[in-house]
Amino acid sequence: MKAIELEKAYNPKDFEDRIYDKWDKEKYFKPASDADSPIHENYVCSCKECGGKTGMYSVVIPPPNVTGVLHMGHGLNNTLQDIVVRYHRMKGDNTLWLTGTDHAGIATQNVVERQLKKEGKSRNDLGREAFIERTWQVKEAHHDIIVKQQRKLGNSTDWERERFTYDEGLSKAVREVFVTLYERGLMYKGQRLVNWCPRCGTALADDEVDHEDTQGAMYHLYYEYADGSGKIEVATTRPETFFGDTAVAVNPNDERYKSIVGKMLKLPLTGKEIPIIADDYVDMEFGTGMVKITPAHDPNDWEVGKRHNLEVINLLTPDGKMNENVPEKYQGLKPEEARKLVIEDLTEAGLFKEEEKMVHSVGKCYRCKTVVEPYLSSQWFVKMKPMADKALAAWKNGDIQFFPKKWENTYSHWLENIRDWCVSRQIWWGHRIPAWYCDDCGETMVSRTDICECTKCKSKNVHQDPDVLDTWFSSWLWPFSTLGWPEKTPDMETFFPTSALVTAYDIIFFWVSRMIMASLEFTGKVPFHDIYIHGLVRDKQGRKMSKSLGNGIDPLEIIDLYGSDALKFTLSFMCAQGQDILIDKDSFKLGSRFCNKVWNASRYILGNLEGRNLIPVTDADLTELDKWIYSRLNAAVKANREALESYRYNDAASSLMEFFWNEFCDWYVEATKLSFWHGDEHEKDRAVSVLLNVLEESLRLLHPFMPFVTEEIYGKLPLEEIVENRKKAGKNKILSESVYKAMLINAPFPCVAAERDNPAVQSRFDVLKDLIGQVRALRAECGIDPANKINIAILVTKGSEAEVCHEKVDMIKLLAGVANVEFVEAKPASSVGTVGKGFEAFILVDESINKDQLIARFKKEIEQETVWVKRSEAKLNGNFAQHAPAEVVQQERDKMEESKRKIEKLESYIASL
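So, here's what we can say about the structure. (Residues numbered from 1 in each chain as written. Predicted model: local features only at pLDDT ≥ 70, side-chain atom pairs only at ≥ 80, totals over all residues. Heavy atoms only, no water.)

## As for helix α2 (residues 72–91)
Argument step 1. For α2, built from 20 residues, the straight-helix expectation of 28 Å at 1.5 Å per residue is met to within 8% by its first-to-last C-alpha distance of 29 Å.
Argument step 2. In the segment just after α2, Gly-92 is the residue with positive phi, at about 100°. (Helix = DSSP H or I, 4+ residues; strand = E, 2+ residues; numbered from the N terminus. Expected span 1.5 Å × (residues − 1).)

Here is the structure:
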């Protein structure tokens, strides 16, 4: 047959888009249960490990927000999902990866409002309907960009099932859940102290507030007794809020203040009086043991106020300015402006003691980073405790499993300390709250359908609640609403509960826990069993990637430079469980080099087909070298299956690189050159037939991690001839099964075959690899040019596994770069040697090597190592050993001992010469 030509240089731009379009067009991303899927009659694994069983595997993508473009964190998350999805698809599982995007209420509205601000407009200038229409346009533009990026990444998602958290089906699910919660007494509206973002003009849930350490101050003020008998001292970080004080509290057990409980105080700069009350909340040891109580502007004060029935005085407008409940001179000012003026006025009145600088935690909006204010407002809340108890029970019963397990503590701690969820948002973009109010009788109506008439008084004067629901209120339904719930759809029957969730640890509270609660509440089942929590992508300094730091990496830029496979393999190779990934652009050269290796190795094998005939090969035709590579392939398959089943991506990727680059390319492919150089025509045909068999199966093993390059090479293989010869060879236990698929995406993932394990062959080749590796290392240590064919001698211990060296002289000569091999009974004169298990190997310093140059090199290295030893001794005998950490001191000792050993070895080399 003729040689098959691959392009000389690996260039992913030549084929990645073409291959993706073919996969998509021919519907390879659809699950096997779909009638129009090309994998409708899919391969069923027949290995003992699988027992001929296939199952269902479904994953829902964490939907990216339609506010921008995907960053490298999305690149990591999508890569990890794509790997396990492709793996399960190749295993024969009925596999669905469902994709979609999130409407991202506050975030998307902020994008549109910033656009309007540049035009000199606000959302109120447009009106609600026009603003929502404008937001839909932004959504569509960003959605198109995101989809383009996901296709570039190679996501094998079923695009025909794509969903959006604000589409018609999900909107129906959201309304159904809201109404059902209301009917079950788990949804209520109440006047509560909430987190308020003045910039976004909306309430926020507790977990939507980011707390940051900020430079501030503690301000010490005096409050005078109303009867003129003296004054007390209180301290606060927010002196401008004292206008909302309705009491000062002391601990009832504080002997210092028992006599003054009930006395009245004059509120500074006002004509008001407030009482001194007793409450256990007060810490007697902190400050003066007196705390000003401002129920409308502090969560703890709110609870104290409820216990003592205190008046609640709100001091802020919705846009975060001082309102009509403060003296006129402060009205309309921002809190920080009012603070400055209040301090001046208190100082003038003799009621300001001092300002004490301090760092304290300040809550900020998770979207716009504006300081969040505690704010008294009427909002809708979900009672979370009953649902949290179910979610905790599911974890304790083993219905869900975290990878790695450490995240179980985060999950359980949050659920055990959960608070009610504020779900109403004072914005326009999002799911409108399905509640209506009668303007005549005040009735509140919650309904699955729109209401035009009051259900109580029949008045037509009704209006819908203007607020929308928190973005996460639609996202927490994602695993089942996307499959058609509340309807009983075929997809719900087939793919729910889903198999796994792959997500980052920064949204365990926002999303993961809530999905479990919602799913248990509305379907009676957990939404997924496996929860793989991966780390964040950070720069090399460990900093989170952000626009402000300018350290972000665009996935498309990396794909343009190195290709999608290089990005995917690098990220998976570096993704160790429980750890963040520290990368820069150069990191992706690792994946690029491996892709190049796969390409070049395949190019070499296919290029050697010229004039060859592929022939049937049976297990009996395999050489010891062939049996060794099949045992290593089997080990790689086993390692990959085990790693992917437990989401150990880095272990799987490492085993792939070790097998393909080291064992297959550097050892097996190189060693088969002996067959092509010295074998007869039949041997050459046999060798190339086995090579192609191993390459074909290796491509199937590599595919989930590098789908494009493997698919391109797979398409070049003479697959029909390979499979035909497998059939002719009959039933074999070691050679690959005779399965042929037109596309690699649909080909079977390799199976573990116990018959391929061969400990005896493995041990013999371990010795050979050890010997060849040590000769190579010794040559490098001696500074001998790799192109210089040296002569070596081998002393083999009788009865040891190293006796294999007698049989494999040609392989040793080829792979060690040796001209001649001599077997000896004792160490030869004028030689330098190395020791392994059952052997000693010596480089003969004869006429092929300049002895004087070699001795001079060894002496120079001894001088260098002696300098290092003296430096280390000086450090260890000085202050370094007393003050440095113990592990650092030990490292220095280890370095010194290593240098001493090297000196000893080099001196023995010189003595030998």
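Continuing now.
## Focus on the packing of aromatic side chains
Argument step 1. The final tally for this structure, using the stated rule, is 40 aromatic pairs.
Argument step 2. Consider the rings of Trp-421 and Phe-473, whose centres lie 5.9 Å apart with planes at 45°: the pair is tilted. Of this pair, Trp-421 sits in strand β16 (residues 421–422) while Phe-473 sits in helix α11 (residues 471–475), and the two are 52 residues apart along the sequence.
Argument step 3. For Trp-421, a relative accessible area of 2% puts it in the buried group.
Argument step 4. Ring geometry for Phe-594 and Trp-661: centres 6.2 Å apart, planes at 5°, overall stacked. (Phe/Tyr/Trp six-rings, centres within 6.5 Å; stacked < 30°, edge-to-face > 60°. Buried < 20%, exposed > 50% of the residue type's maximum accessible area, 1.4 Å probe, protein only.)

## Here's the deal with unusual backbone geometry
Excluding glycine, a negative phi dihedral is what most residues carry, and trans is how most peptide bonds are arranged.
Argument step 1. Between Phe-403 and the following residue, Pro-404, the backbone shows a cis peptide bond with an omega angle of -5°.
Argument step 2. With respect to the helices, strands and loops of the structure, Pro-404 is situated in the loop between β15 (401–403) and α10 (407–416).
Argument step 3. Between Trp-485 and the following residue, Pro-486, the backbone shows a cis peptide bond with an omega angle of 15°.
Argument step 4. Turning to its location among the elements, Pro-486 is positioned in the loop between α12 (478–481) and α13 (490–495).
Argument step 5. A positive phi angle, near 60°, is found at Tyr-647, a position not held by glycine.
Argument step 6. Residue Tyr-647 is classed as buried on the basis of its relative accessible area of 3%.
Argument step 7. For Ser-830, which is not a glycine, the phi torsion comes out positive at approximately 50°.
Argument step 8. One can find Ser-830 in the loop between β27 (818–823) and β28 (831–836).
Argument step 9. On the basis of relative accessibility, which here comes to 18%, the residue Ser-830 falls in the buried class.

## Overview of the packing of helix α16 (residues 564–574) against helix α19 (residues 649–671)
Relative placement of two packed helices is described by the angle separating their axes and the distance separating the axes.
Argument step 1. Where α16 contacts α19, the two axes come as close as 6 Å, and the packing angle between them is 120°. Residues Phe-569, Ser-572 and Phe-573 of α16 touch α19, and the partners they reach there are Tyr-649, Asn-650, Ala-653, Ser-654 and Met-657.
Argument step 2. Its residues assigned to classes, the contact of α16 with α19 shows five nonpolar, three polar and no charged. (Axes fitted to C-alpha atoms, helices over the stretch in contact; angles between N-to-C directions. Contact = heavy atoms within 4.5 Å. Nonpolar A, V, L, I, M, F, W, Y, C, P; charged D, E, K, R; others polar.)

## Let's talk about a positive patch on the surface
Argument step 1. Together, Arg-114, Lys-117, Lys-118, Arg-199 and Lys-547 make up a positively charged patch on the protein surface.
Argument step 2. By the element assignment, Lys-547 lies in the loop between β24 (537–538) and α15 (555–562).
Argument step 3. Lys-547 gets classed as exposed once you look at its relative accessible area, which sits at 85%. (Patch = residues over 30% accessible without salt bridge, like charges linked within 9 Å, V, L, I, M, F, W, Y side chains within 5 Å. Areas by Shrake-Rupley, 256 points an atom, 1.4 Å probe, with all protein chains shown as cover. Salt bridge = Lys/Arg side-chain N within 4 Å of Asp/Glu carboxyl O. Lys, Arg positive; Asp, Glu negative; His and termini not counted. Charge placed at Lys NZ, Arg CZ, Asp CG, Glu CD.)

## Digging into the sheet that holds strand β29 (residues 839–844)
Argument step 1. With mixed pairing, the four strands of this open sheet are ordered in space as β27-β26-β29-β28. In the strand order of this sheet, the two ends are held by β27 and β28, each with one partner. The sheet shows a mean angle of 25° between the axes of neighbouring strands, taken without regard to direction.
Argument step 2. Bridge analysis of β28 against β29 gives six bridges, and the strand direction is antiparallel. Each residue of the ladder has a partner; that of Val-835, found in β29, is Glu-840. (Pairing = 2+ DSSP bridges.)

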